[in-house]
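Residues per chain are reported as follows:
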Amino acid sequence: MEISGSPSAPCSSEALGRPRFPFDLQLFADGDKTEEPTAKKRADAAKKGQVGRSQEMNTAFVLLVGFFSLKVLWDYIYHSIADYTMYIFSNMNQTVDTETVVRLFIGMVTVLAKTALPIMIGIMLIGLAINFFQVGLIFSTEKIEPKLSNLNPINGIGRIFSKRSLVELVKSLLRILIIGGFLYVVLKHEFLTIPQFIYYDLGTSLAKIADIIFTMAFKIIGVILVIAILDYAYQKWQTTQDLKMTKQEVKDEMKQSEGDPQIKGKIRQKQRQMAMARMMQEVPKADVIVTNPTHFAVALQYKKGMAAPVVVAKGQDLVAQKIKAIAREHRIAIVENKPLARTLYATVEIGYAVPQELYQSVAEVLAYVYRLKHRRRA
C-alpha cells in the first residue's frame, strides 16, 4: 500500500504547549574566546606592544643592582665625596672669582661622574636585560602614537573603571600594605639604637646608618622581587586571556595563512586537468597500449637509443578508456596483457623507464607489435 505525504515531524515545543525559545543557540557556538592564541596572533600583538611584561620585575632588579652597586662602592663613594668636600672648604679662603667657581664646579661634576656613573650604567644594563628577558627584542611605537580615541572622556572613564584598572589598584594597595608592614617590622628593631648615634663621630654614624639602610633595602627588595615574580606570571596569563580567539577567528586565520580550501581545491583540480591534457598529448607518440583490458591502460614508447621503453601515459577506468580511444584514432596497437598492465600501472610513473625485471615481458609485447606492423606493410 502506497502512503502519501511526508514523514512525521518530531514533536516541537509548540506541540507540547511550551513557549518557543526566542534565540538560536547555534549562533553563539563559536562566539566564546576559548581557543589559545596562535603564533601569528601573538606576533601581531607583539608588534603593537601588547606583550606580557611586569613593571614590578624591572623595579625589583633595578633596585637590587642599584643598592648592591652602592654597597660595593660605598667606601669609594664616601671617601671621594669626603675628600672633595674637604678640598672645597680648604679653598674657601681664596678669592671667589669666575675661575675658582668653574674649577670647583668641574671638580664636582667629575666626582659625581666617577661615583654615580658606574651605578647608572649597571642600572641601565639590568633594565635592558630584564626587558629583553620578558618580551625579547621588540620595538614598537604603537603605544606612543597619538590617538583621538584617547581624548574621548567616555573611553577614559571606561579605562578607569575597567577590570584591569581595578586589578592594578588592588595590586598597588597590597604592595603598599606588604612593603609598609615589612618596613615597620625592620625599623622597629632599629629605633632604640638610633639615639645612640649622637655619641659617635660623623664617620661612625654614617657607617651605621648605611648598614641599617642597606639591610632594610635588601630585605624590602626581596619582598618586591617575590611580588614581581607573581606579577610577571599574572601578566603573562592575562595577556594570553586577552589574546584568546574564537573558533571562527582560528578558522579565518588558517584560511588567510594557508589559503581558502575551496580555492586550493580548484587550483589542484586545474593542475590535474592540465597534467591530464599533457599526458593525452603524449598518447599518439606511443608504440603500444598495454591494457587490462577494461580497468587499466599504459602507453609505452620506445625509440632507438633509449635504454628501455618509457611510460608516456597511464590511466584507470575512464582515463584508460580515453587513452584507448586516442590510440584507436591514431592507429596505435592495443595489446591485452592483464598482469603486465597492472604491474606497469602500479610501479612505473609517467615519464620513467620500465624497470629491468619487466624487460622480458615488455620486449615480447613490442616484438609482437613490430611483427604486426611488418605484416601490414607486406
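Residues numbered from 1 in each chain as written. Predicted model: local features only at pLDDT ≥ 70, side-chain atom pairs only at ≥ 80, totals over all residues. Heavy atoms only, no water.

1. Focus: the environment of tyrosine 345
Tracing the backbone shows tyrosine 345 in helix 11 (residues 338-347). Its relative accessible area of 24% is what places tyrosine 345 among the partly exposed residues. Once the C-alpha coordinates of tyrosine 345 and valine 298 are considered, the two residues, 47 residues apart in sequence, prove to be 6.5 Å apart. (Helix = DSSP H or I, 4+ residues; strand = E, 2+ residues; numbered from the N terminus. Buried < 20%, exposed > 50% of the residue type's maximum accessible area, 1.4 Å probe, protein only.)

2. Some thoughts on the packing of helix 2 (residues 55-72) against helix 7 (residues 202-243)
The geometry of helix 2 relative to helix 7 is characterised by a closest axis approach of 8 Å and an angle of 155 degrees between their N-to-C directions. As judged from the angle between their axes, helix 2 and helix 7 are roughly antiparallel. For the crossing formed where helix 2 meets helix 7, the hand is left-handed. Taking contact as the criterion, the partners of Gln55, Glu56, Met57, Ala60, Phe61, Leu63, Leu64, Phe67, Phe68, Leu70 and Lys71 in helix 2 are, on helix 7, Ile213, Phe214, Ala217, Phe218, Ile221, Ile224, Leu225, Ala228, Ile229, Asp231 and Tyr232. Here the contact of helix 2 with helix 7 is built from residues that sort into 18 nonpolar, one polar and three charged. (Axes fitted to C-alpha atoms, helices over the stretch in contact; angles between N-to-C directions. Parallel < 35°, antiparallel > 145°, perpendicular 65-115°, else oblique. Left-handed = near helix turned anticlockwise from the far one by under 90°. Contact = heavy atoms within 4.5 Å. Nonpolar A, V, L, I, M, F, W, Y, C, P; charged D, E, K, R; others polar.)

3. What about the layout of surface pockets?
Here the second largest pocket is characterised by a volume of approximately 150 Å³. Lining the second largest pocket are 12 residues, and of these Arg42, Val51, Gly52, Lys236 and Thr239 sit closest to its centre. Broken down by element, the residue count for the lining of the second largest pocket peaks at four residues, all from helix 7. A class-by-class count of the residues in the lining of the second largest pocket yields five nonpolar, five polar and two charged. (1 Å grid on protein atoms, 1.4 Å probe; cavity = no way out; pocket = protein on both sides within 12 Å on 5 of 7 lines; lining within 4 Å. Points joined across faces, edges and corners; volume = space filled by probe spheres on them.)

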